[in-house]
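# Tertiary structure, described
Here's the letter readout for the chains.
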Amino acid sequence: MRADPATLEIQLGHRFTDRKILSRALIHSSHAHEVRGAPDEPLHDNEQMEFLGDSILGFLVAEALVRRFPAYREGELSQRKAHLVSAAHLYGVARTLDLGAYLELGRSEEMSGGRAKKTLLVDALEALIAAMYLDGGMEPVRRFVAEHILDAPFDGDQAQDTDIQPAIRNFKSALQELAQSRQLPQPRYSIIRERGPEHSKTFTVEVRVGADWSAQAEGRTKKIAAQRAARGVYERMRGPEAGP
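A brief report on the enclosed structure follows. For clarity, every value in this text was computed on a predicted model and none was experimentally measured.

### Let's talk about the side chain of arginine 195
Tracing the sequence through the fold places arginine 195 in strand 1 (residues 188-195). Residue arginine 195 is classed as buried on the basis of its relative accessible area, which comes to 19%. Engagement of the side chain of arginine 195 in a polar contact is seen with the side chain of glutamate 218, the distance being 3.0 Å. Beyond its immediate sequence surroundings of up to four residues, arginine 195 is in contact with Arg67, Glu139, Arg142, Ser200, Lys201, Thr202, Thr204 and Glu218.

### Focus: the environment of alanine 229
When you line up the elements, alanine 229 lands in helix 12 (residues 222-238). Separated by 57 residues in sequence, alanine 229 and lysine 172 place their C-alpha atoms 8.6 Å apart. The residues touching alanine 229, leaving out its near neighbours within four places in the chain, are Val205, Val207, Ala215, Gln216 and Ala217.

### Things to note about the packing of aromatic side chains
Enumeration according to the criterion identifies two aromatic pairs in this entry. A ring pair is formed by phenylalanine 69 and tyrosine 72, whose centres lie 4.5 Å apart and whose planes are at 15 degrees; its orientation type is stacked. By the burial criterion, phenylalanine 69 is buried, and tyrosine 72 matches it. Ring geometry for phenylalanine 171 against tyrosine 234: centres 5.8 Å apart, planes inclined by 75 degrees, an arrangement best described as edge-to-face. Remark: tyrosine 234 occurs in helix 12 and phenylalanine 171 occurs in helix 11 (residues 171-181); sequence separation between them is 63 residues.

### Here's the deal with helix 8 (residues 118-136)
Taking 1.5 Å per residue, 19 residues should reach 27 Å; helix 8 reaches 27 Å between its end C-alpha atoms and fits that length. With its phi angle positive at about 85 degrees, glycine 137 sits one or two positions after the end of helix 8.

### Overview of the environment of alanine 217
Within the element layout of this structure, alanine 217 appears in strand 3 (residues 213-219). Note: C-alpha distance between alanine 217 and alanine 230 (13 residues apart in sequence) is 8.5 Å. Once you skip the residues sitting within four places of it in the chain, alanine 217 turns out to touch Arg68, Phe203, Thr204, Val205, Ala225, Arg228 and Ala229.

### A closer look at the pattern of salt bridges
Applying the stated rule across the entire model yields 12 salt bridges. Residue arginine 67 pairs with glutamate 63 through a salt bridge whose shortest N-O separation is 3.6 Å. One end of the pair, arginine 67, and the other, glutamate 63, are both in helix 4 (residues 47-68), four residues apart, so they sit about a helical turn from each other. Notably, a salt bridge pairs arginine 236 with glutamate 76, separated by 3.5 Å at the nearest N-O pair. Linking arginine 236 in helix 12 with glutamate 76 in helix 5 (residues 74-84), this pair joins segments that are 160 residues apart in sequence. Each member of the pair, arginine 236 as well as glutamate 76, is classed as buried.

### Considerations on helix 1 (residues 5-12)
For helix 1, every residue scored as buried is listed here: Pro5, Leu8, Glu9 and Leu12. Projected down its long axis, helix 1 carries its buried residues within an arc of 105 degrees, all on one side.

What counts as what
- Residues numbered from 1 in each chain as written.
- Predicted model: local features only at pLDDT ≥ 70, side-chain atom pairs only at ≥ 80, totals over all residues.
- Heavy atoms only, no water.
- Helix = DSSP H or I, 4+ residues; strand = E, 2+ residues; numbered from the N terminus.
- Buried < 20%, exposed > 50% of the residue type's maximum accessible area, 1.4 Å probe, protein only.
- Polar contact = N/O pair within 3.5 Å; in protein donor to acceptor, adjacent residues only side chain to side chain.
- Contact = heavy atoms within 4.5 Å.
- Phe/Tyr/Trp six-rings, centres within 6.5 Å; stacked < 30°, edge-to-face > 60°.
- Expected span 1.5 Å × (residues − 1).
- Salt bridge = Lys/Arg side-chain N within 4 Å of Asp/Glu carboxyl O.
- Arc of directions from axis to C-beta.

Fair warning: the whole summary comes from geometry, so function is off the table for now.
And the structure:
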């Protein structure tokens, strides 16, 4: 039985004003073909929304990376972006949301295990991103991307690149220890900006280690934003371009 999309809204952190937009994002072409009244009628599936969502996701990831890593060169940014928008990473996001349970599939797709197919789930995730944008503008999508795509580790990522997701729970502590081991100044954190209403603020925190290492990150709380910023500097300091 298909899961109630209202539960998905809770996970997305966005309550849709126009529920038809959410419904459209969850309709696979196999279902749309089955319910179409005549061959010349347009298909009401999620493929156009997938196209839009792919572009929105690429922009938001690029925007976030530029803000978080002001010292990165284009090649470094491109490499990190390629990972974050890859099918392997997005498949992990979709599975974490249990996105397959909410999809409307045709009978043949349902019988062939469509709710677990990587391509189908990645496409639906991109369609959901477009749906949130069409219903609520860029801010809810920006929050979703920051929380679910930019920072959360997934099994699919581990298989692709074990260096990207170190097994660390507290990146502020890890960064402090790394700075000490390299005889660098202690990390310094500052709040760059706050935006949004009081009940749903988004904070941007910057961390600096000496003159050479810095990163910015967003979060629903100052603590989360600081952890994400610390992670950015930690990963870069431990990366191959950092040297010993």
